Amino acid sequence: MRKFVLIVAAFSVVFPRDLSACLWDYDTLAMERRLFPGAHELIAGYFVRHSDAYYEWRITDRMSKPAEQLSPSDLDDIAVAYDKLGHHEKAIETILKKIERWPDQGRYESEANLGTFHIHAGHLQTGLEHIEKAIAINSDAHFGREIYQQLLIEYLIEKRSSSEDLPLSTAVGEGRIGFTAFVLNSRYPPDESTLEEIQKAAKGVMGMMRFGNEDSPVLLESLGDLLLADYHNDDSKMLATRAFLRASMEVEDPAAKTGYRERAKWTIAMQNDVELEDIEEQLMAEVEQANALSQQILDDEKSWISAGLDVDAEFEKKYFEAPTPSFNSKGEVSVGMSTTGVVICVSSLVTGLLSIAMLARKRKHQNVSAM
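Residues numbered from 1 in each chain as written. Predicted model: local features only at pLDDT ≥ 70, side-chain atom pairs only at ≥ 80, totals over all residues. Heavy atoms only, no water.

Participant: Let's hear about the overall build of the protein chain: which residues, and what values?
Facilitator: For the protein chain, the helix and strand inventory stands at 17 helices and 0 strands. For the protein chain, with 371 residues in total, the buried portion stands at 45%. Intrachain contacts of the protein chain at a sequence separation of at least 6 include 66% that bridge at least 24 residues. Counting every atom, the protein chain has about 19,200 Å² of accessible surface; 54% of that belongs to carbon and sulfur. (Helix = DSSP H or I, 4+ residues; strand = E, 2+ residues; numbered from the N terminus. Buried < 20%, exposed > 50% of the residue type's maximum accessible area, 1.4 Å probe, protein only. Contact = heavy atoms within 4.5 Å. Areas by Shrake-Rupley, 256 points an atom, 1.4 Å probe, with all protein chains shown as cover.)

Participant: So, the side chain of threonine 116: which residues are in play, and what are the values?
Facilitator: Looking at the secondary structure, you find threonine 116 in helix H7 (residues 107-120). Side-chain polar atoms of threonine 116 contact the side chain of glutamine 149, separated by 3.3 Å. Excluding residues within four positions of it along the chain, threonine 116 makes contact with Ile131 and Gln149. (Polar contact = N/O pair within 3.5 Å; in protein donor to acceptor, adjacent residues only side chain to side chain.)

Participant: Tell me about helix H8 (residues 124-137), and please be specific about residues and values.
Facilitator: Given a rise of 1.5 Å per residue, 14 residues ought to cover 20 Å, and the 20 Å separating the end C-alpha atoms of H8 matches this to within 8%. Among the residues of H8, Leu124, Gly127, Leu128, His130, Ile131, Ala134 and Ile135 are the ones counted as buried. For H8, the angular spread of buried residues about the axis comes to 165 degrees, placing them on one side. (Expected span 1.5 Å × (residues − 1). Arc of directions from axis to C-beta.)

Participant: Please set out the nonpolar core residue by residue, giving values where relevant.
Facilitator: The biggest cluster of nonpolar side chains holds 54 residues, and the ones touching the most others in it are Phe179, Val205 and Leu223. Beyond its immediate sequence surroundings of up to four residues, phenylalanine 179 is in contact with Tyr148, Leu151, Leu152, Tyr155, Val205, Ser222, Asp225 and Leu226. In terms of nonpolar packing, the next biggest core, distinct from the first, is built from 28 residues, Tyr55, Tyr82, Ile99 and Leu293 among them. (Core = buried A, V, L, I, M, F, W, Y, C linked by side-chain atoms within 4.5 Å.)

Participant: Before we move on, could you go through the environment of aspartate 165 and cite the residues and values that matter?
Facilitator: Among the secondary structure elements, aspartate 165 is positioned in the loop between helix H9 (145-160) and helix H10 (178-187). Along the backbone, aspartate 165 and glycine 259 are 94 residues apart, and their C-alpha atoms lie at a distance of 9.9 Å.

Participant: Give a description of the layout of surface pockets that names residues and reports values.
Facilitator: If you add up the space inside the largest pocket, you get close to 1,500 Å³. What lines the largest pocket is a set of 49 residues, and nearest its centre among them are Lys84, His120, Met208, Phe211 and Gly212. When contributions to the lining of the largest pocket are tallied by element, the ones reaching two or more residues are helix H4 (52-63), helix H5 (72-84), H7, H9, helix H11 (195-211), helix H12 (217-227) and helix H16 (311-320). In terms of residues, the lining of the largest pocket owes the most to one element, H7, which gives 8 residues. Of the residues belonging to the lining of the largest pocket, the class tally is 20 nonpolar, 14 polar and 15 charged. (1 Å grid on protein atoms, 1.4 Å probe; cavity = no way out; pocket = protein on both sides within 12 Å on 5 of 7 lines; lining within 4 Å. Points joined across faces, edges and corners; volume = space filled by probe spheres on them. Nonpolar A, V, L, I, M, F, W, Y, C, P; charged D, E, K, R; others polar.)

Participant: Tell me what's going on with the environment of aspartate 52, and back it up with residues and numbers.
Facilitator: Looking at where aspartate 52 falls in the secondary structure, it is placed in helix H4. Looking at aspartate 52, the relative accessible area reads 47%, which means it is partly exposed. A sequence separation of 250 residues divides aspartate 52 from lysine 302, and the C-alpha atoms of the two residues are 9.9 Å apart. Among all residues touching aspartate 52, those that are not within four sequence positions of it are Lys84 and Leu85.

Participant: Can you break down the packing of aromatic side chains residue by residue, with the values?
Facilitator: Inspection of every chain in the model, using the stated rule, returns 7 aromatic pairs. Here phenylalanine 315 and tyrosine 319 contribute two aromatic rings whose centre-to-centre distance is 5.2 Å and whose plane-to-plane angle is 35 degrees, an arrangement assigned as tilted. Of this pair, phenylalanine 315 and tyrosine 319 both sit in helix H16, 4 residues apart, which is roughly one turn of the helix. With respect to burial, phenylalanine 315 and tyrosine 319 carry one shared label: buried. Clustering of aromatic rings is evident, with ring pairs tying together Tyr54, Tyr55 and Trp57. Against the face of phenylalanine 47 rests arginine 49, its NZ or CZ located 4.3 Å from the ring centre. (Phe/Tyr/Trp six-rings, centres within 6.5 Å; stacked < 30°, edge-to-face > 60°. Lys NZ or Arg CZ within 6 Å of the ring centre and 35° of its normal.)

Participant: So what's going on with the confidence of the model for the protein chain? Residues and values would help.
Facilitator: Across the protein chain, pLDDT averages 80, with 75% of residues at or above 70. Between the elements of the protein chain, mean pLDDT differs from a low of 36, seen in helix H1 (residues 2-14), to a high of 98, seen in H4. Across residues 1-27, confidence stays below pLDDT 50; counting only partners more than four residues off in sequence or on other chains, it has 34 contacts. Note that pLDDT drops below 50 for residues 331-371; the model gives that stretch 31 contacts with residues more than four away or on any other chain. (pLDDT = per-residue confidence, 0-100.)

Participant: Go over the packing of helix H13 (residues 237-249) against helix H15 (residues 276-306) with me, naming the residues and quoting the values.
Facilitator: Between H13 and H15, the least distance of the axes is 10 Å, while the angle of their chain directions is 70 degrees. The angle between H13 and H15 falls in the class roughly perpendicular. The handedness of the crossing between H13 and H15 comes out as right-handed. Note on element contacts: H15 touches H13 through Leu276, Ile279, Glu280, Gln282, Leu283, Met284, Glu286 and Val287, opposite Met238, Thr241, Arg242, Leu245, Arg246 and Met249. Taken together, the residues that form the contact of H13 with H15 break down as 8 nonpolar, 2 polar and 4 charged. (Axes fitted to C-alpha atoms, helices over the stretch in contact; angles between N-to-C directions. Parallel < 35°, antiparallel > 145°, perpendicular 65-115°, else oblique. Left-handed = near helix turned anticlockwise from the far one by under 90°.)

Structure representation (C-alpha cells):
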C-alpha cells in the first residue's frame, strides 16, 4: 500500500496538470450541473425543439381551415410559428386578431405572447407593458418565469438608455454584478441575497432560452451573470464561462466578441489549472452535438411533411415519448462521475503509472549494466 501511495505521489509530481484537470473537469462541472439543471445543455443548444420546416408546415396546417373555424389555440400556434420564423410583425398581427375575436378567452396567453413578440421585434417598452398585463392576470404561470422576463426587459431598457453596445455589462467578479445585481436589488435589500432566488432567476432565463431564442447573446450573458453569483461558493464558473463564450459566438461585432471573451477569460481565471482554450474546445464539441440533434429533427420533420403525416403526432411519438439521446457532457454523472470521466481519469492514471514503471525498469537495467 505504501508503494502505491508513493507511486501516486510521484505521478502527481510528473503529471500535476493532468491529475488536477481530471478532478476539476469532471467533479466540479458535475456539481454545477446539479446546481443549475439543464443550463449546460441550453448553453450548447442541446435540447429538443422544432425546425423552421415544422413552423412553416404548422402555419399551412392551421390555416387550411376556413377562417370561421379557427380556434384561439390555432391563432396562438400560427402566431408563435411566425415569431419563430422571424416574422415578428405578422406574429403581432395574428395575436391582435385573436384578441379582437376573443377578447377574454385565453387572455393571459395572448398578453404573454404579444409581449414576447414585441420584445423580439425590438419594441421593448410595448413588450414590457404586455408582460406586466400577463403577470397581473396570472403571476404564477410558467413557475413565475414572466416575472424574470419583466426584470430582464427592465434591465435591458436601463442598459440601452446609455448604450446599444454588447455586452450589457463589462463588470467582472462574483456576486452582485450585471443582471444578478439588477434582480437582487429589485427583489431583496442590498444586505440580503439567496441562492434560491438566483436559481429561480436562472430558471426563468433558461425558460426564455428554451421557448424563445437559446442563442440570444442577451440571454446567454444574463444567464452567465446568474451562474457566476458567488454565495457560499455556490457559483458555477465552468458553466458561466461557457455562457459568455457562446455569447461571443453569436455576435458579429468584433468589439462585442472581444467583450464576451474577456468576461469568459476573467471568469475561468478565478479557477486554477483551467485554460479558456480547453473550455472553448469542449464547448465547440458540445455545440456540434447540438447541431447534430437539430439536423436529425429537421430531417425527420421534412420526411414527415413529405409523407403527408401529422407532424405534431410524429414528433411527440419520437421525441417526447422516447428518451432523448444523452448529452455527451464532460460532467454527465450517475453516481459522482460519468463513466466516460472515470475511464479517462483512470486511463490517464494508468498511463502515468506505466510510464513511471517503465522509467524505473529502464533505470534499474542501466544500473545493472553499469555494475
